[in-house]
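# Fold and geometry: a report
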Amino acid sequence: MEHLTIRRLKVQDLAPIAGAFAALGWNKPLSQYEGYLQEQEAAQRDVLVAFIANTFVGYLTICWSSDYPSFREAQIPEIVDFNVLPVFRRKGIGTRLMDTAEGR
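Report on the accompanying structure. (Residues numbered from 1 in each chain as written. Predicted model: local features only at pLDDT ≥ 70, side-chain atom pairs only at ≥ 80, totals over all residues. Heavy atoms only, no water.)

Contact geometry of helix 1 (residues 14–23) with helix 2 (residues 30–41) gives a least axis separation of 9 Å together with a crossing angle of 140°. Between helix 1 and helix 2, the angle is such that the two are oblique. Considering how the two elements wind past one another, helix 1 and helix 2 form a crossing that is right-handed. Every residue of helix 2 that contacts helix 1 at L14, A15, I17, A18 and F21 is listed here: L30, Y33, E34 and L37. (Axes fitted to C-alpha atoms, helices over the stretch in contact; angles between N-to-C directions. Helix = DSSP H or I, 4+ residues; strand = E, 2+ residues; numbered from the N terminus. Parallel < 35°, antiparallel > 145°, perpendicular 65-115°, else oblique. Left-handed = near helix turned anticlockwise from the far one by under 90°. Contact = heavy atoms within 4.5 Å.)

Spelled out as structure tokens, the structure:
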């Protein structure tokens, strides 16, 4: 597999991510990722995106304050909205995303 890069979401990622899911027929509009970016800028969520070369392949988000009361009270962050594009699955990308998230 070519070099996998995992980093935080940037504004220039929004359209390619929404476009990748639209091509699959999934309901993940641009507005969803705009909201994620705003929450990331407000330190409420981190969005980790994965790319091979310049091709988007997956992402996950970390909510620092969970909606689940027991998680929130114990200050346990929650992994939310974890996706690897189907053509890139079973290549270790999800594992690398999860490992990076757990390191945070």
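Let us now look at the side chain of E78. With respect to the secondary-structure elements, E78 resides in strand 4 (residues 78–84). Of the side chains with opposite charge, R72 comes closest to the buried, unpaired E78, at an N-O distance of 8.0 Å. Polar side-chain contacts of E78 include one of 2.7 Å to the side chain of S66. Once residues lying within four places of it in the same chain are set aside, the contact partners of E78 are T61, I62, C63, S66, D67, Y68 and F71. (Buried < 20%, exposed > 50% of the residue type's maximum accessible area, 1.4 Å probe, protein only. Lys, Arg positive; Asp, Glu negative; His and termini not counted. Salt bridge = Lys/Arg side-chain N within 4 Å of Asp/Glu carboxyl O. Polar contact = N/O pair within 3.5 Å; in protein donor to acceptor, adjacent residues only side chain to side chain.)

Further remarks concern the pattern of salt bridges. Per the counting criterion, the structure on display carries five salt bridges. Of the charged contacts, one joins K28 and D81 as a salt bridge, the two residues approaching to 2.9 Å between their closest N and O atoms. Here the residue K28 occupies a position in the loop between helix 1 and helix 2, and D81 occupies one in strand 4, the gap between them amounting to 53 residues. The class of K28 is buried, set by a relative accessible area of 14%. Overall, D81 belongs to the buried group, its relative accessible area being 16%.

Now for the nonpolar core. Ranked by size, the top nonpolar core spans 15 residues in total, and within it L9, I17, F21, Y33, V49, F56 and Y59 carry the most contacts. Elements that contribute at least two residues to this core include exactly helix 1, helix 2, strand 2 (45–52) and strand 3 (55–63). Looking at which element gives the most residues to this core, the answer is helix 1, with five residues. In this structure, F21 is in contact with W26, K28, Y33, F56, Y59, N83 and L85, ignoring residues within four places of it in sequence. (Core = buried A, V, L, I, M, F, W, Y, C linked by side-chain atoms within 4.5 Å.)

Moving on: helix 2. Spanning twelve residues, helix 2 covers 17 Å between terminal C-alpha atoms, matching the ideal 16 Å at 1.5 Å per step. Within the span of helix 2, buried status applies to Q32, Y33, Y36, L37 and Q40. In a view along the axis of helix 2, the buried residues occupy a sector of 135°, so they form one face of it. Across from the buried face of helix 2, at angles greater than 90 degrees, the exposed residues are Q38 and E41. Where the residues of helix 2 are buried, they touch strand 1 (4–8), helix 1, strand 2, strand 3 and strand 4. (Expected span 1.5 Å × (residues − 1). Arc of directions from axis to C-beta.)

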